[in-house]
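Remarks on the overall topology
For reference, the chains in residue letters:
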Amino acid sequence: MTKPAQVMVVTPHPDDAELGAAGTVARWISEGKDVIYVVCTNGDKGTSDTNIKSEELARIREQEQLAAAKVLGVREVIFLGYPDQTLEDTPEFRKEIVRLIRMYQPETVVTVDPYRRYIWHRDHRITSQVTLDAIFPYARDLFAYPDLLEEGLQPHKVKEVLLWGSEDSNYRSNITETFDIKIAALRCHKSQVSSAPELEGWMRERAKMMAEGEDYELAEAFHQVEIWR
Ligand SMILES: [Zn+2]
């Protein structure tokens, strides 16, 4: 029997979750919540360095993601291993997410917003569309997957979804105390973020803008969908 986790983060590529939600993840963990990560692709196309091979990059990015998760205190990281830029809305992918939701029974699922207009990474769009479909109705409904039921994976109702990268945010999370941990986790993704000091300044400016009007300094912004109260 898998130990349940209150929060499941579903990320398209290694590093997306740190950019979008690591401050909030770190705060939840400091409050005693269990968080697990599901990383959909191996990020093997995320470079402009002609000296590196795709397989090597995938290995590096897995290690970077594990390091970042360790900094945050994430309990477990599950790699689905799809090649970068190949995600499709398939029954197989949907079922993989349903299986994990039923195994870990999260109250909250965090992923990227699929509904950004015009230019949006296809892997991001597909990851969150599939995740939202998996949450409702597939993870919830008894007979959606008779074989999962036979395996003992009962239906599960996710209570809430938080989407980062939204053009339509309606929920702010105070990350003032955990901003430094977010930056430390982001810096683990050495192949993606430069070690330049601008990173921290740029992220701080963004977090300040997201906290505008609040009585705290730094925030991450999400679109929140409450499904069950
Ligand atoms: Zn990405």
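Everything here concerns the structure above.
About the cut-offs
- Just so you know, the residues in each chain are numbered from 1, in the order the chain's sequence is written.
- The predicted nature of this model means local features are confined to residues of pLDDT at least 70 and side-chain atom pairs, given and counted, to a pLDDT of 80 or more, with totals for whole chains, interfaces and linings taken over all residues.
- Calculation of side-chain values draws on the structure's entire complement of heavy atoms; hydrogens and water are dropped beforehand.
- Secondary structure counts use DSSP, requiring at least four H or I residues in a row for a helix and at least two E residues in a row for a strand, with both numbered from the N terminus.
- Relative accessible area decides the class of each residue, using a 1.4 Å probe on protein chains only: under 20% of the type maximum gives buried, over 50% gives exposed, and in between gives partly exposed.
- Coordination here is defined by N, O and S atoms within 2.8 Å of the metal (3.2 Å for Na, K and Ca), and since water is not considered, a site can look incomplete.
- Every angle between 85 and 135 degrees makes a four-donor site tetrahedral, while opposite donors more than 155 degrees apart, with all other angles between 65 and 115, make a four-donor site square planar and a six-donor site octahedral; other sites are irregular.
- Aromatic pairing here means that ring centres of Phe, Tyr or Trp (its six-membered ring) are within 6.5 Å. Orientation follows from the plane angle: under 30 degrees is stacked, over 60 is edge-to-face, and everything else is tilted.
- Here, a charge over a ring means that NZ of Lys or CZ of Arg falls within 6 Å of the ring centre while also lying within 35 degrees of the ring normal.
- A pair of strands is labelled paired if DSSP reports no fewer than 2 bridges between them.
- Fitted lines through C-alpha atoms serve as axes, helices being fitted only where they are in contact, and the angles separating the N-to-C directions of these axes extend from 0 to 180 degrees.
- Contacts were defined at the residue level, with two residues in contact if any of their heavy atoms lie within 4.5 Å.
- Buried residues of nine kinds, namely Ala, Val, Leu, Ile, Met, Phe, Trp, Tyr and Cys, make up a nonpolar core once their side-chain atoms join them within 4.5 Å.

For the rest of this paragraph, the subject is unusual backbone geometry. Following Phe 136, the chain continues to Pro 137 via a peptide bond in cis, the omega torsion being 10°. Looking at where Pro 137 falls in the secondary structure, it is placed in helix H4 (residues 122-138). In this model, Asp 15 sits at a positive phi of 100°, which is unusual for a non-glycine residue. As for its position among the elements, Asp 15 is in the loop between strand E1 (7-11) and helix H1 (16-30). Asp 15 gets classed as buried once you look at its relative accessible area, which sits at 9%. Positive phi values are uncommon outside glycine, yet Tyr 118 reaches one of about 65°. Position of Tyr 118 among the secondary structure elements: in the loop between strand E4 (108-112) and H4.

Within the protein, His 13 (ND1), Asp 16 (OD), Asp 16 (OD) and His 124 (NE2) serve as the donor atoms for the zinc ion, at 2.1 to 2.4 Å. What the 4 donor atoms of the zinc ion show is an angle range of 56 to 135° at the metal, which sorts the shape as irregular. Donor residues for the zinc ion sit on one chain with the sequence pattern H-x2-D-x107-H.

The next thing to look at is the packing of aromatic side chains. Centre distance and the angle of the planes are the two values used to describe a pair of aromatic rings. Counted by the stated rule, this structure contains 3 aromatic pairs. An angle of 40° between the planes, with centres 6.1 Å apart, marks the rings of Tyr 138 and Tyr 145 as tilted. On the accessibility criterion, Tyr 145 (10% relative accessible area) is buried. Sitting above the plane of the Trp 228 ring, Lys 157 keeps its charged end 4.4 Å from the centroid.

Spatially, E3-E2-E1-E4-E5-E7-E6 is the arrangement adopted by the 7 strands of the open sheet, whose pairing is mixed. Both edges of this open sheet fall to strand E3 (76-82) and strand E6 (171-174), since each of them pairs with a single strand only. In this sheet, neighbouring strand axes are inclined to one another by 25° on average, regardless of whether the strands run parallel or antiparallel. Summarising the sheet, strand E2 (residues 35-41) and E3 pair through 5 bridges and their orientation is parallel. Considered in E3, the bridge of Ile 36 is made with Glu 76. Contacts from H4 reach E1, E2, E4 and strand E5 (160-164), with the element oriented near 155° to E4.

Moving on, we come to the nonpolar core. Grouped together as the largest cluster of nonpolar side chains are 27 residues, with contacts concentrated most on Met 8, Leu 80, Phe 93, Ile 97 and Ile 101. Looking at this core, the elements that each hand over two or more residues are E1, E2, E3, helix H3 (91-104), H4 and E5. Among the elements that take part in this core, H3 stands out by supplying 6 residues, more than any other. Filtering out sequence-adjacent residues up to four positions away, Phe 93 remains in contact with Cys 40, Leu 80, Tyr 82, Leu 87, Glu 88, Ile 126, Thr 127 and Val 130. Listed in part, the 25 residues of the second largest apolar core include Ala 26, Val 77, Trp 164 and Ala 185.

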